[in-house]
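# Breakdown of the fold
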Amino acid sequence: MTKHDKMFSLKQNCWFIRKVVIWRALASIAWTVILLPVTTALFVFVSRFCLFHPVQWIIECTSLLSAPSTIFSLVVLCAVVLITGIFNLEFYTLVPSIPCSRVALLGAVLHPWQCVHSLVYCTMGMLMMWCAAVIIGGRYSALGSPCRASESGEPMTCLNEYHLFLLLAGAFVGYSHSFLGVVQNMYYVSFQPIQQYKYLRFKGSLPMVVKRSVIQSLYSARNFIGLYFFFGYVPKAWISSTLNLHIDRSVQPLDSFTGLLDFSLLYHLSISGTFLYLTWYITVLLFRIYVTEAYSFPVQSTFTEDAEQCLPKVLSEKNTLVMKFLALQDLALLSQHSPSRRQEVFSLSQPGGHPHNWNAISKECLSLLSELTLRLVAHQDAVASNGRIKSQSTSSDTKSGSSGSSVMLGTEDLPETPRPNISLRTPGSVFLKSSMRGVHSPLTAPFTPDLDSPYASPAIRRLVGKQDPQSPWFGSLQSPHVMRRGPKLWSASTDSQANGSPPASPTAVYSSPTVDPNQKPSFLAQWLQNRKEQVKSFLAKRVLVVYLFNKLPEASSQALFADSQAHIWALQGLSHLVAASFSEDQFGVVQTTLPNILSCLVVLLEAVDRHFKLPHASSKPVRAASSMNDSTYKTLRFALRAALKSAIYRMTTTFGDHLNAVNISTEHRKRLQQFLEFRE
């Protein structure tokens, strides 16, 4: 492919992304703007509610809706909705950021992009609360109010503390919304397992949105009142001195018990906060609905310029995560409900007669599943290596002991599993430039082993490196960490030498062949190491440090399976296509890759079973109440295990005893036999 063809292909891909993703985001913003007059009208009627004069209440509200101040406020609110939609497109992610400790969560809150996000939402909260104050009118209409001096009686302009109170409350509500977005993972967008029409999904979620808006508004009002009671004099003094506004001493200040015990003030504060949260939550809801709507990709195209839009090509997309998720979702749907599109997957190319469509789809799905297997094995290796490798300061008496005493499996404490990189914002844009989490992506990098480390597991090198043709694992997907093995489960290279096995090459154990493993560290390095250990022991005795750095339960397990929705779709798509090929595959294109598919699924099942034997991995989290934060990522590992077993059962029940003719290993055949006998 020439450079010109690559540039043309890139332009076609960018145009396709804009067509699918950006237009969906713009459609969600447009519908939010359309619904904004409705929510504003409801706010007008609720804010001026009068039980004893209903006719006058309706007449005043109707006239207020056509007032110039209300129309101008509506224009400002539309601008705020537009900015909110842009921030949704920029900050939302399909793979949640899961902090494994409290200090990691603190780092996410103090992230520079999160600080910018909080500042913008504080500003938008003040603008929206200003619009609400103008709509309510009365004593909340302006920041300055006319008053008279207590001594001379001259007219002057005083600070309207009621208006200032609402403005500060708007900034507080904006920051609360931004803060909870990080803590509760509100930026996470999940795909629904059951497809619904957009209207029905919005209609079903609207009562929950209203309920959460009211509850969150009451919480924010409570917290702000307490904050204003203790520190309200600070902004009041600063605003009055900056704007040269006097403070009316004849009015009861709001930073006191008597000033805050105002039912009308608390009522307007609560409904104004509800209006802010409702506007933001509706924007979020519509954005989720539109972005996660199923999209049907063509399996193959007649014209070359449309090749970038075909399903096999989009499945291998590396720059746009949402496109890859939509393609995997479409693959799972077509494999179940579209016989005509399945025939296109099984078809052969003309001329040539090659199964390019099936090869590309199966290759990408198997690559995803193999990457997850590698990640799980690396995590299990990190957990099992806790306490096994002793430091270089071990005495010579201990070194002269048996090789088994130098490498042991710790069972008391779990190591601090490396945490994912908690970045609130994927580089560039979450939906436009983020790539699928690969082996060395920010999500999987903490669980990917360092192959140059002297303590790297041989099993990992067999999975990702070149295999020795003399090795019993050569040409197989099996891993000694996944298969049933003898007592040499955690033996190192020194153990293999002691047992008579051939020694590992220097490059397989040490990162550089010029490094002498028996060389003693220098005095400076030893001194720095001792000081480092002293600092660690000192900090380990401090309760606050332990509280901040202590691992959160289930966090490592949730981070491992954070992107497992893609793997679930890959399992569903592969298994349904393989099952359908039994009667629909006229050319037998699936049979060529069936051994690889079965071996990959069995290896992944072994890795998943081993993972669920770890502490906190099999404990189900408490089901969260209905809220705007999506917590489905907490149970993705259970959904993946169920989808994996269902996929294997789907293929074994379809092929039955015909699987005995498939060329797979003995261990894998024994495991598949359990599925054939329904013992799993």
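That block above? That's the structure.
This report concerns the structure included in the present document. Small disclaimer: the values here were computed from a predicted structure and weren't measured.

Assigned secondary structure in the chain consists of 26 helices and two strands. Nonlocal contacts in the chain, meaning residues at least 24 apart in sequence, comprise 77% of its contacts between residues at least 6 apart.

Structurally, the position occupied by Val21 is in helix α1 (residues 3–47). By relative accessible area, Val21 is classed as buried at 3%. The sequence separation of Val21 and Tyr290 amounts to 269 residues, and the corresponding C-alpha distance is 8.9 Å.

One way to say it: the disulfide is the covalent bond shared by the sulfur atoms of two cysteines. Scanning the entire structure with this criterion turns up one disulfide. Between the sulfur atoms of Cys147 and its disulfide mate Cys158 the distance is 1.6 Å. Its torsion about the S-S bond being 65 degrees, the disulfide of Cys147 and Cys158 is classed as right-handed. Taken together, the positions of Cys147 in strand β1 (residues 144–148) and Cys158 in strand β2 (residues 155–159) put the pair eleven residues apart, joining distant regions of the chain. The two residues Cys147 and Cys158 agree in class, both being buried. Sulfur of Cys50: no disulfide; nearest cysteine sulfur belongs to Cys61 and is 9.6 Å away.

Okay, the packing of helix α12 (residues 321–337) against helix α13 (residues 339–346) next. To describe two helices that pack against each other, one gives the angle between their axes and the distance between the axes. In the contact formed by α12 and α13, the axes pass within 7 Å of each other and the chain directions differ by 110 degrees. As summarised for this structure, α12 and α13 are arranged roughly perpendicular, according to the angle between their axes. Here Asp330, Leu334, Ser335, Gln336 and His337 of α12 come into contact with α13, specifically with Pro339, Arg341, Arg342 and Val345. Its residues assigned to classes, the contact of α12 with α13 comprises three nonpolar, three polar and three charged.

With 144 residues, the main nonpolar core has Phe165, Met323 and Trp358 as its most contacted residues. Top element by residues in this core is helix α10 (residues 263–291). It accounts for 16 residues. Ignoring any residue separated from it by four or fewer positions in sequence, one finds Met323 in contact with Phe16, Ile17, Val20, Val21, Phe297, Val314 and Glu317.

Let us now look at a nonpolar patch on the surface. Together, Leu227, Phe230, Phe231, Tyr233 and Val234 give the surface a local cluster of nonpolar side chains, amounting to about 540 Å² of exposed area. Residue assignment for the nonpolar patch shows that the elements contributing at least two residues are α7 (198–231) and α8 (233–242). Per-element accounting of the nonpolar patch gives the leading share, three residues, to α7. Counting through the fold element by element, Tyr233 comes out in helix α8.

This next bit is on the environment of Thr653. Following the sequence through the fold, Thr653 ends up in helix α25 (residues 636–655). Residues Thr653 and Leu676 lie 23 residues apart in sequence; the distance between their C-alpha atoms is 6.8 Å. Polar side-chain contacts of Thr653 include one of 2.6 Å to the backbone oxygen of Tyr649.

With 29 residues, helix α14 (residues 356–384) should cover 42 Å at 1.5 Å per step; its first-to-last C-alpha distance of 42 Å lies within 8% of that length. Counted residue by residue, α14 has 22 buried out of 29 residues, so it is predominantly covered.

Evaluation of the coordinates by the stated rule reveals 31 aromatic pairs. When the centroid spacing of 6.4 Å and the interplanar angle of 90 degrees are considered together, the rings of Phe87 and Tyr121 count as edge-to-face. Taken as a pair, Phe87 in helix α3 (residues 68–91) and Tyr121 in helix α5 (residues 112–136) lie far apart in primary sequence, 34 residues in all. Of the two residues, Phe87 and Tyr121, both sit in the buried class. Arranged with centres 6.1 Å apart and planes meeting at 70 degrees, the rings of Phe91 and Trp113 form a pair that is edge-to-face. One end of the pair, Phe91, is in helix α3; the other, Trp113, is in helix α5, with 22 residues separating them in the sequence. Judged by its relative accessible area of 38%, Trp113 is partly exposed.

Cut-offs used in this document
- Residues numbered from 1 in each chain as written.
- Predicted model: local features only at pLDDT ≥ 70, side-chain atom pairs only at ≥ 80, totals over all residues.
- Heavy atoms only, no water.
- Helix = DSSP H or I, 4+ residues; strand = E, 2+ residues; numbered from the N terminus.
- Contact = heavy atoms within 4.5 Å.
- Buried < 20%, exposed > 50% of the residue type's maximum accessible area, 1.4 Å probe, protein only.
- Disulfide = S-S within 2.5 Å.
- Axes fitted to C-alpha atoms, helices over the stretch in contact; angles between N-to-C directions.
- Parallel < 35°, antiparallel > 145°, perpendicular 65-115°, else oblique.
- Nonpolar A, V, L, I, M, F, W, Y, C, P; charged D, E, K, R; others polar.
- Core = buried A, V, L, I, M, F, W, Y, C linked by side-chain atoms within 4.5 Å.
- Patch = residues over 30% accessible without salt bridge, like charges linked within 9 Å, V, L, I, M, F, W, Y side chains within 5 Å.
- Areas by Shrake-Rupley, 256 points an atom, 1.4 Å probe, with all protein chains shown as cover.
- Salt bridge = Lys/Arg side-chain N within 4 Å of Asp/Glu carboxyl O.
- Polar contact = N/O pair within 3.5 Å; in protein donor to acceptor, adjacent residues only side chain to side chain.
- Expected span 1.5 Å × (residues − 1).
- Phe/Tyr/Trp six-rings, centres within 6.5 Å; stacked < 30°, edge-to-face > 60°.

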